[in-house]
Amino acid sequence: MKYLIRTYGCQMNVHESEKLAGILESMNYSPCTSASEADIVIFNTCAIRESAEQKTFAHIGELKKLKAQKPSMLIAICGCMSQQNGYAELIKKKFPYVDIILGTHNISDLKELIEKRLATKKKVVAITESEDISGRDNMPKCRTSGLNAWVNIMYGCNNFCTYCIVPYVRGREVSRPACEIEKEVHELVEAGYKQITLLGQNVNSYKGPDGEGEIGFADLLKRLDKIEGDFWLTFMTSHPKDISNELIDTMASSTHIMHYLHLPVQSGSDRVLSLMNRRYTTAAYLEKIAYARKKIPDIEFSSDIIVGFPTETEQDFLDTLSLVKKVKYEQLFMFIYSKRGGTVAEKLDGQVDIATKKERLRRLIAAQEEIGTSVAEKYVGKTLTVLVNDVHPKKKGYMLGTTYFNKNVNFVGDRSLIGKKVKVEIQSSKLTVLTGKIVEEL
Ligand code: SAH
Ligand code: SF4
Ligand code: F3S
């Protein structure tokens, strides 16, 4: 029996697909690469923007013909789209040939739902809302991300940024017990993983049970940093309103934590930030960046920006451009605002027209190209510690690695280096990648 999982959206979904794969492999399914070979196809969906939804709908639609030819092939839809209000019904109507629909709280029920579907021939739907997360991590995980392992530390989001669907589809914040996370990280390091990425929508508000009490995120990091072994530790996503000086101090004095922070700012206009319910000002944001740079001089930042939020004026957008130029992000993820059903911003007056949104996005991309290129250039001539990840998929004879500030580096080498750290002298740079030569193996 063969399975195919198509994953959309964020790292949370990528990791959840590893859990789905783990369940399927425990049922003796093995992976395949095309739907025509598959006995089950799972769509792990995303609802963050309309474009994500449309793409997924198109892909589910493409299976109609195949399903008619091969009715025994199961089709399952899970992830954020299926959890959205009214979407299970919509999916059933639009795609009557779908066999199983499961929500974001029901991933661990996959086996049971497949068995039920096969036994009864009836379509099955399981969408619940539950804050009991005890079942969400005690399942086999079939990790697919090479030397990096994702570890969930919390689920859900309480922030209700006015544009965002996540709190509606992922439910309220619930943190995993610290000892469970510690055990999982420990096992991953023992198993040879070289990078551990802690996952949560807002990791800074982690508050996990610990013995009789609770611990916060900085203390969790201190605990994980004490684990012995050769690994890098990183996390996402941090909310600027919750990132504390204590957290930065913890990063600065740690052995394992990468000098990299994804700190999404969304906008450079205080008026827009307030409408977005982000609960920080640009001044407060820039202060946190300055504090981090003082304590960790070689830290690099990345961010997310939304252009065209309702009522965004040319001046608001210019303020965003100006903030981006001030911070000098190593990487920027830029999005056009997309109206999401049920959110507060959906009902705001002053929706920005699509031509203006596209034009602002284009200007922002152009500005970031210049900034990112100059950030990369400053590494030319420097020698950096690089974790060797894999052979380069395109450049023959080259290897790919990552620096401790999350920049891709390529250099001549062979696969015997995978998993090792090397010192690379950087000879040239581009926006997204540095190229150099190995000067020392560590
Ligand atoms: N929890 C994380 C990430 C959430 S989603 C955080 O708080 O940063 C990832 C990114 O998608 C967000 O940072 C935001 O920039 C973007 N995004 C979310 N909702 C959106 C919408 N309705 N339209 C456009 N972009 C959106
Ligand atoms: Fe969405 Fe805001 Fe929560 Fe991030 S913090 S998931 S942007 S509501
Ligand atoms: Fe992630 Fe998309 Fe859901 S970004 S949390 S998969 S809506």
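Please refer to the structure placed before this passage.
Conventions used here
Residues numbered from 1 in each chain as written. Chains lettered and ligands numbered in written order. Predicted model: local features only at pLDDT ≥ 70, side-chain atom pairs only at ≥ 80, totals over all residues. Heavy atoms only, no water. Helix = DSSP H or I, 4+ residues; strand = E, 2+ residues; numbered from the N terminus. Rg over C-alpha atoms; globule rule 2.2 N^0.38 Å. Contact = heavy atoms within 4.5 Å. Areas by Shrake-Rupley, 256 points an atom, 1.4 Å probe, with all protein chains shown as cover. Lys, Arg positive; Asp, Glu negative; His and termini not counted. Charge placed at Lys NZ, Arg CZ, Asp CG, Glu CD. Buried < 20%, exposed > 50% of the residue type's maximum accessible area, 1.4 Å probe, protein only. Axes fitted to C-alpha atoms, helices over the stretch in contact; angles between N-to-C directions. Parallel < 35°, antiparallel > 145°, perpendicular 65-115°, else oblique. Left-handed = near helix turned anticlockwise from the far one by under 90°. Phe/Tyr/Trp six-rings, centres within 6.5 Å; stacked < 30°, edge-to-face > 60°. Lys NZ or Arg CZ within 6 Å of the ring centre and 35° of its normal. Core = buried A, V, L, I, M, F, W, Y, C linked by side-chain atoms within 4.5 Å. Near = heavy atom within 4 Å. Polar contact = N/O pair within 3.5 Å; in protein donor to acceptor, adjacent residues only side chain to side chain. Nonpolar A, V, L, I, M, F, W, Y, C, P; charged D, E, K, R; others polar. Domains from an automatic or database assignment.

*Asks:* Report on the overall build of the protein, specifying residues and quantitative values.
*Replies:* Looking only at helices and strands, the protein features 14 helices and 21 strands. Since a compact globule built from 442 residues should have a radius of gyration of about 22 Å, the 22 Å found for the protein is in line with a globular shape. For the C-alpha atoms alone, the extent of the protein along its principal axes is close to 65 × 55 × 55 Å. Contacts in the protein between residues far apart in sequence, at least 24 positions, make up 71% of those at least 6 positions apart. For the protein, the accessible area works out to roughly 19300 Å², and carbon and sulfur atoms hold 52% of it. Mean positive and mean negative side-chain charge positions of the protein (61 and 55 charges, respectively) differ by 5 Å.

*Asks:* Residue-level account of unusual backbone geometry, with values.
*Replies:* Of note, the amide linkage connecting M236 to T237 takes the cis form, showing an omega dihedral of 5°. Counting through the fold element by element, T237 comes out in the loop between β13 (232–236) and α10 (245–253). Even without a glycine there, the phi angle at N28 is positive, about 70°. Overall, the relative accessible area of 64% leaves N28 in the exposed class. Unlike most non-glycine residues, N277 shows phi in positive territory, near 60°. Looking at the element boundaries, N277 is found in the loop between α11 (270–275) and α12 (282–295). Take N277: its relative accessible area is 25%, and that puts it in the partly exposed class.

*Asks:* Kindly report on the side chain of S303, identifying the contributing residues and their values.
*Replies:* Structurally, S303 is set in strand β15 (residues 300–307). The residues touching S303, leaving out its near neighbours within four places in the chain, are H262, L263, P264, V265, Y285, Y329, Q331, L332 and F333.

*Asks:* Can you lay out the packing of helix α9 (residues 217–225) against α10 for me, pointing to particular residues and giving the numbers?
*Replies:* Their axes nearest at 9 Å, the elements α9 and α10 cross at an angle of 10°. By the angle between their directions, the pair α9 and α10 is classed as roughly parallel. In this structure, the crossing between α9 and α10 has a hand that is left-handed. Contacts between α9 and α10 involve F217, A218, D219, L221 and K222 on the former and, on the latter, E246, L247 and T250.

*Asks:* Please give an account of the packing of aromatic side chains that cites residues and values.
*Replies:* Evaluated as defined, the whole model comprises nine aromatic pairs. Their ring planes at 75° and their centres at 6.1 Å tell us that F95 and Y97 sit as a pair that is edge-to-face. An identical accessibility class is assigned to F95 and Y97; each is buried. Look at Y404 and F405: their rings are 5.3 Å apart centre to centre, the planes differ by 85°, and that puts the pair in the edge-to-face class. Judged by relative accessible area, Y404 falls into the partly exposed class, the value being 21%. The exposure class assigned to F405 is buried, which follows from its relative accessible area of 0%. These aromatic residues form a ring-pair network of at least three members: F57, F95 and Y97. Above the face of the F57 ring, K94 is positioned so that its terminal group lies 5.0 Å from the ring centre. Positioned over the ring face of Y398 is K395, at 4.2 Å from the centre of the ring.

*Asks:* Tell me about the nonpolar core, residues and numbers included.
*Replies:* I196, L198, F217 and F235 are the most contacted members of the largest nonpolar core, which has 65 residues in total. Setting aside its immediate chain neighbours within four residues, F235 contacts T197, L198, V203, F217, L221, L247, M251, I257 and L261. V41, A52, L66 and A88 belong to the second-largest nonpolar core, a separate cluster that totals 24 residues.

*Asks:* Please set out the site of ligand 1 residue by residue, giving values where relevant.
*Replies:* Around ligand 1 there are 15 residues in total, and Y163, Q201, Q266, D304 and S338 lie nearest to it. In this structure, a nitrogen atom belonging to ligand 1 sits 3.0 Å away from a main-chain N or O atom of Y163. A distance of 2.7 Å separates an oxygen atom of ligand 1 from a polar side-chain atom of Q266. Within the complex, 89% of the 540 Å² of free accessible area of ligand 1 lies under protein. Counting only elements with at least two residues in the shell around ligand 1, the list comes to β15 and β16 (331–336). Looking at the shell around ligand 1, its residues break down into seven nonpolar, four polar and four charged. Here the shell around ligand 1 spans two domains, and each of domain 2 (145–258) and domain 3 (284–372) adds at least three residues to it.

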